[in-house]
Amino acid sequence: MNASTAGGPQAGEVRMYYPSEEFVRQATISGMSAYEALCREAESDYTGYWAKRAREMVTWKTPFTQVLDESNAPFFKWFADGTLNASYNCLDRNLERGLGDKTAIIFEADDGEVTRINYRDLHAKVCQIANGLRSLGVQKGDRVVIYISMSIDGVAAMLACARIGATHSVVFGGFSAQALRDRIEDTRAKVVITADHQIRGGKQLPLKAIVDEALSLGGCDSVERVLVVRRSGAPVNMVQGRDRWMADVVGGQAQTCEPEWVEAEHPLFLLYTSGSTGKPKGVQHSTGGYLVHAALTTAWTFDLKPNDIFWCTADIGWITGHTYIAYGPMALGATQIVFEGVPTFPDASRFWRMIERHKVTIFYTAPTAIRSLIKAAESNDTVHPRNFDLSSLRLLGSVGEPINPAAWEWYYRHVGGERCPIVDTFWQTETGGHVITPLPGATPLVPGSCTLPFPGIMAAVVDETGKDVPNGQGGILVIKRPWPSMIRTIWGDPERFKKSYYPEEFGGKYYLAGDGAIRDAKTGYFTITGRIDDVLNVSGHRMGTMEIESALVAKTDLVAEAAVVGRPDETTGEAICAFVVLKRPLPTGDEARAIAKELRDWVAKEIGPIAKPKDIRFGENLPKTRSGKIMRRLLRSIAKGEAITQDTSTLENPAILDQLGQAY
Ligand code: WTA
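Residues numbered from 1 in each chain as written. Predicted model: local features only at pLDDT ≥ 70, side-chain atom pairs only at ≥ 80, totals over all residues. Heavy atoms only, no water.

## As for the sheet that holds strand β18 (residues 309–312)
Spatial ordering of the open sheet is given by β7-β6-β19-β18-β20-β21-β22, a layout of 7 strands whose pairing is mixed. Each having just a single partner strand, β7 (114–118) and β22 (422–425) make up the two edges of the open sheet. Within this sheet the neighbouring strands show an average axis-to-axis angle of 20°, counted without direction. Relative to the sheet, helix α5 (residues 119–135) contacts β6 (103–108) and β7, its axis offset from that of β7 by approximately 85°. (Pairing = 2+ DSSP bridges. Helix = DSSP H or I, 4+ residues; strand = E, 2+ residues; numbered from the N terminus. Axes fitted to C-alpha atoms, helices over the stretch in contact; angles between N-to-C directions. Contact = heavy atoms within 4.5 Å.)

## A short note on the sheet that holds strand β23 (residues 459–462)
Strands in a sheet are paired, the pairing made by backbone hydrogen bonds, and the direction either parallel or antiparallel. Spatially, β23-β24-β26-β27 is the arrangement adopted by the 4 strands of the open sheet, whose pairing is antiparallel. Looking at which strands have only one partner, the edges of the open sheet turn out to be β23 and β27 (526–531). In this sheet, adjacent strand axes meet at a mean angle of 45° when their direction is disregarded. Where strand β24 (residues 475–479) meets strand β26 (residues 511–519), 4 bridges bridge the pair, whose relative direction is antiparallel. Each residue of the ladder has a partner; that of G475, found in β26, is A517.

## Some details on the nonpolar core
Grouped together as the largest cluster of nonpolar side chains are 174 residues, with contacts concentrated most on I105, L122, L133, Y327, V580 and F618. The greatest single-element share of this core, amounting to 10 residues, is contributed by helix α6 (residues 152–164). Those residues in contact with L133, other than ones at most four positions away along the chain, are V138, A160, C161, I164, V191, I193 and L227. (Core = buried A, V, L, I, M, F, W, Y, C linked by side-chain atoms within 4.5 Å. Buried < 20%, exposed > 50% of the residue type's maximum accessible area, 1.4 Å probe, protein only.)

## Here's the deal with the packing of aromatic side chains
On inspection of all chains with the given rule, the structure shows 38 aromatic pairs. Taking 5.2 Å as the distance between ring centres and 20° as the angle between the ring planes, the aromatic pair formed by W408 and Y412 counts as stacked. A residue pair is termed a helical-turn pair when its members lie 3 or 4 positions apart in one helix, as W408 and Y412 do in helix α14 (residues 405–415) at 4 residues. Comparing W408 with Y412, the two get one shared label, buried. Directly above the aromatic system of F175 lies the positively charged group of R183, at a separation of 4.4 Å from the ring centroid. For K555, the ring lying beneath its charged end belongs to W602, and the centroid distance is 4.9 Å. (Phe/Tyr/Trp six-rings, centres within 6.5 Å; stacked < 30°, edge-to-face > 60°. Lys NZ or Arg CZ within 6 Å of the ring centre and 35° of its normal.)

Set out below in structure tokens:
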């Protein structure tokens, strides 16, 4: 890449990073003119543009004749009269293209042991699981919850569900029994697929025991079977008549399995994510439109080629692991890494070692990981990327939260060797795939900006009334037209879908992302300015403040009231700060520390360790307005340690400001 400043180096101008000529030459989308041509194509014939992509990227059993159906907006339909199967597209199609011997997954276990599986064997494995599920009575439309760590089995389980038309819902292995129970109850899943344990960072952590606990909490009577993959081999409790070892169920099954051809709109999966209110919502994705965009963005944003070794470090419990592990790369017949462990075990050079070992060419990770590895490298030179041969890399990616320019520069220099473009991909669970992102062989890069919309995505920045704001002025990020991989509804709650994403106050016209954004006055580049709702982003994980508040007040013996806000954090992006009123006298010192620990453990049990508040502050009450609303802006200032500029004259008890000043 060549860095330069557009129009000469004047003070205050942004430095732009251009892809090397060599990169541009070989790129699938080569040069800005190619990008602009695609945008023009989408502008002038929107449905024609998407229909063309849908035919190129996906093999249809029955070709579609309808492209976009807007008759029941905002419940849009794409390619509705077409039929297909996602697992066919990710497996069989690759075999038909002669890729049977090609490695599909290079699995590296926590302890470094490597297992490879080629497309032929993965196909056979998926078919056996699919047949096994069918033998247990799982049919098209049934839901299957998958609660498992990163593994070939996890990916195979997802594809097996897709094969028989069952809708999967993967629950991140870090969620607690309570959170798992909520998701099982909401999906009314028939089967839960799990493993005995997960192994991460040298530790063996329970999975099956948590499933048992979740099911014992009640509300899960839809579950007929629990299938258990053996990972640790350590003993677990098996409930007679309900629980079966996966190996026993799939053992005698045929290695072929006729796919269930489903309509394009058939729900491929549900994935729960946090919103600003209430419980996590089950984001429902389609099969056809979703797969089109998963494959298309993998091909264009990652410039994926047959010889690439692709590594997305996300967990399959998040959307990134769905689109850029289970579906996108598989649909293109890629070779990819699936990693069981954590970036800091056995030490913080694990990623660099793995890139060197497997000759990774495309590496896609989260800013929070980069920031923590920078910190580690600063205090221990032996884990610095410069000690490793990373010359196989040709492209880097970032996802999940804004990447600060300093982290960008470090990633660019020390990991990418000033040679690899960085694609800062903005998207969401709801968008299914990238919506604003550079295309690496076209878009000049600016650190901290996700640059320009993916061709065919009509992203814009508007004001509260839905009117475009001029570049250079901040506003609300929207997408003006429906796109194939968008959320279809919130499972079981279409009203909430409408309210959350197409609110009436806003004219009900545009998809509301929930983020603020600003476009650069000169380049038109987008920079995401953060959530405009009560959603926090902690280490790239989405968390609703209300969700954590509900968890805290559920500790009824201790907590009277709680409010949760975020504050900036150098490593995790945002940190969770809880303000708590106890049902007992205000604690201080060791007592306060002990109660704070008790509350953290409680939240870990209610939601999962990722939701533990970093700071807990106690007060005799919370600052409220005259009408009784918690003054959240004030709490945010306190959390940040800022001087308080808000009007506090209405506070009944000004002494609480001092009390809340102390974090535990
Ligand atoms: C944030 C993850 C800035 C944003 C794929 C969004 C980002 C939320 C970026 C979605 C990025 C994601 N730059 N912010 N490149 N990518 N976000 O659903 O606030 O877990 O709304 O999807 O993450 O998080 P989710």
